[in-house]
Amino acid sequence: GIQVEQSPPDLILQEGANSTLRCNFSDSVNNLQWFHQNPWGQLINLFYIPSGTKQNGRLSATTVATERYSLLYISSSQTTDSGVYFCAVLYNAGGTSYGKLTFGQGTILTVHP
Amino acid sequence: SQTIHQWPATLVQPVGSPLSLECTVEGTSNPNLYWYRQAAGRGLQLLFYSVGIGQISSEVPQNLSASRPQDRQFILSSKKLLLSDSGFYLCASSRLNTEAFFGQGTRLTVV
């Protein structure tokens, strides 16, 4: 199956710093999503970004599908940004018409005041 | 967008007891439905997915089963729980190959 690798595994920042999280995937995908898992475990949708660049406030994401990677940028980080960030890709398994959403192992972000 | 309802939020069950977790979806029809488990640590493991009523695909051999009795209802079950079944269970829904949405999850502790 497809491999999804996220880096770095852990990231510690001071409030106000900027950061870049990376997601590499091993095969062509139908789409890609970024999630933030809050302290209660809920997965919050950040971006649905099969290709191109999107921005939402202090967060932005870029996916270069031809080179099989995506980047999540966090600017002016805040303590509330802490948590786990996941990349997940959707690809067709075995040529069927449905997709399997496969997750990377996540990046644990800690933002100190 | 879709709304995914999962219950219960937390559950403590003895070893050997049965399990039934329910997930229902609002705001879409004929979705792809998924059950994931997140053990201690960080990764989400895909357990089951379904593309339609009665159509279930299992990703890993395990003590669990899934059923889809209605278009927007997905149930995760076990006849006899094991300690290793403890974890955080998440249900997800996506329409065709578009954006997926998750429920709030069920934290299961088997004692």
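Residues numbered from 1 in each chain as written. Chains lettered and ligands numbered in written order. Predicted model: local features only at pLDDT ≥ 70, side-chain atom pairs only at ≥ 80, totals over all residues. Heavy atoms only, no water.

Caption draft 1: Spatial organisation of the state of the cysteines. Inspection of every chain in the model, using the stated rule, returns two disulfides over all chains. Put simply, A:Cys23 and A:Cys87 are joined by a disulfide, and their sulfur atoms are 2.0 Å apart. Of note, the bridge from A:Cys23 to A:Cys87 carries an S-S torsion of about -50° and is left-handed in sense. Here A:Cys87 lies in strand S9 (residues 83–92) and A:Cys23 lies in strand S3 (residues 19–25), a separation of 64 residues in the sequence. Exposure class is identical for A:Cys23 and A:Cys87. Each is buried. One disulfide bridge connects B:Cys23 with B:Cys91, the sulfur atoms lying 2.0 Å from each other. What sets the handedness of the B:Cys23 and B:Cys91 disulfide is the S-S torsion sign, and at about -70° it is left-handed. Here B:Cys23, found in strand S3 (residues 19–26), pairs with B:Cys91, found in strand S9 (residues 87–94); they are 68 residues apart in sequence, far enough to count as distant. You can call B:Cys91 buried: its relative accessible area is 0%. (Disulfide = S-S within 2.5 Å. Helix = DSSP H or I, 4+ residues; strand = E, 2+ residues; numbered from the N terminus. Buried < 20%, exposed > 50% of the residue type's maximum accessible area, 1.4 Å probe, protein only.)

Caption draft 2: Just the packing of aromatic side chains, in detail. Tallied over the full model, the rule gives eight aromatic pairs over all chains. Cluster of aromatic residues (ring-pair linked, three or more members): A:Phe35, A:Phe86, A:Phe103, B:Tyr34, B:Tyr36 and B:Phe102. A cation sits over an aromatic face here: B:Arg107 above B:Phe88, 4.2 Å from the ring centre. (Phe/Tyr/Trp six-rings, centres within 6.5 Å; stacked < 30°, edge-to-face > 60°. Lys NZ or Arg CZ within 6 Å of the ring centre and 35° of its normal.)

Caption draft 3: Representation of the interface of chain A and chain B. Contacts between the two partners involve 26 residues from chain A and, on the opposite side, 22 residues from chain B. Between chain A and chain B lies a buried interface of about 2000 Å² when both sides are counted; carbon and sulfur atoms form 51% of it. Viewed at the interface, chain B and chain A are joined by zero salt bridges. Scanning the region where chain A abuts chain B turns up six residue pairs in polar contact (both at pLDDT 80 or more). Of the residues assigned to the side of chain A that touches chain B, the class counts are 11 nonpolar, 13 polar and two charged. (Contact = heavy atoms within 4.5 Å. Buried area = accessible area lost by both parts, 1.4 Å probe. Salt bridge = Lys/Arg side-chain N within 4 Å of Asp/Glu carboxyl O. Polar contact = N/O pair within 3.5 Å; in protein donor to acceptor, adjacent residues only side chain to side chain. Nonpolar A, V, L, I, M, F, W, Y, C, P; charged D, E, K, R; others polar.)

Caption draft 4: Seen up close, the environment of B:Ala66. All names here are of chain B. You can see alanine 66 is positioned in strand S7 (residues 65–70). Note on alanine 66: relative accessible area 17%, which makes it buried. Expressed as a C-alpha distance, the spacing of alanine 66 and leucine 83, which sit 17 residues apart in the sequence, is 19 Å. Once residues within four sequence positions are removed from consideration, alanine 66 is found in contact with Trp35, Phe48, Ile56, Phe74 and Ile75.

Caption draft 5: Molecular detail of the layout of surface pockets. One number sums up the size of the largest pocket: a volume of about 270 Å³. Together, 16 residues line the largest pocket, and A:Ile2, A:Thr102, A:Phe103, B:Leu46 and B:Glu59 are the ones closest to its centre. The leading source of residues in the lining of the largest pocket is strand S10 (residues 99–103) of chain A, at four residues. Of the residues that constitute the lining of the largest pocket, the class distribution is nine nonpolar, four polar and three charged. (1 Å grid on protein atoms, 1.4 Å probe; cavity = no way out; pocket = protein on both sides within 12 Å on 5 of 7 lines; lining within 4 Å. Points joined across faces, edges and corners; volume = space filled by probe spheres on them.)

Caption draft 6: Fine view of the sheet that holds S7(B). Residues and elements named next belong to chain B. Strand order in the open sheet made by the four strands is S1-S3-S8-S7, with antiparallel pairing throughout. At either margin of the open sheet sits one strand with a lone partner, and together these are strand S1 (3–7) and S7. Averaged over all pairs of adjacent strands, the angle between strand axes in this sheet comes to 20°, irrespective of strand direction. The pairing of S1 with S3 spans five bridges and is classified as antiparallel. Counterpart to threonine 3 in the pairing with S3 is glutamate 26. (Pairing = 2+ DSSP bridges. Axes fitted to C-alpha atoms, helices over the stretch in contact; angles between N-to-C directions.)

Caption draft 7: Structural context of the nonpolar core. Ranked by size, the top nonpolar core spans 22 residues in total, and within it A:Leu32, A:Trp34 and A:Val89 carry the most contacts. A per-element tally of this core places S9(A) first, with four residues. Not counting chain neighbours up to four residues away, the residues in contact with A:Leu32 comprise A:Cys23, A:Phe25, A:Phe47, A:Tyr48, A:Ile49, A:Pro50, A:Thr63, A:Ser70, A:Cys87, A:Ala88 and A:Val89. Counting residues in each nonpolar core, the second largest holds 20 residues, with B:Leu11, B:Leu19, B:Cys23 and B:Leu64 among its members. (Core = buried A, V, L, I, M, F, W, Y, C linked by side-chain atoms within 4.5 Å.)

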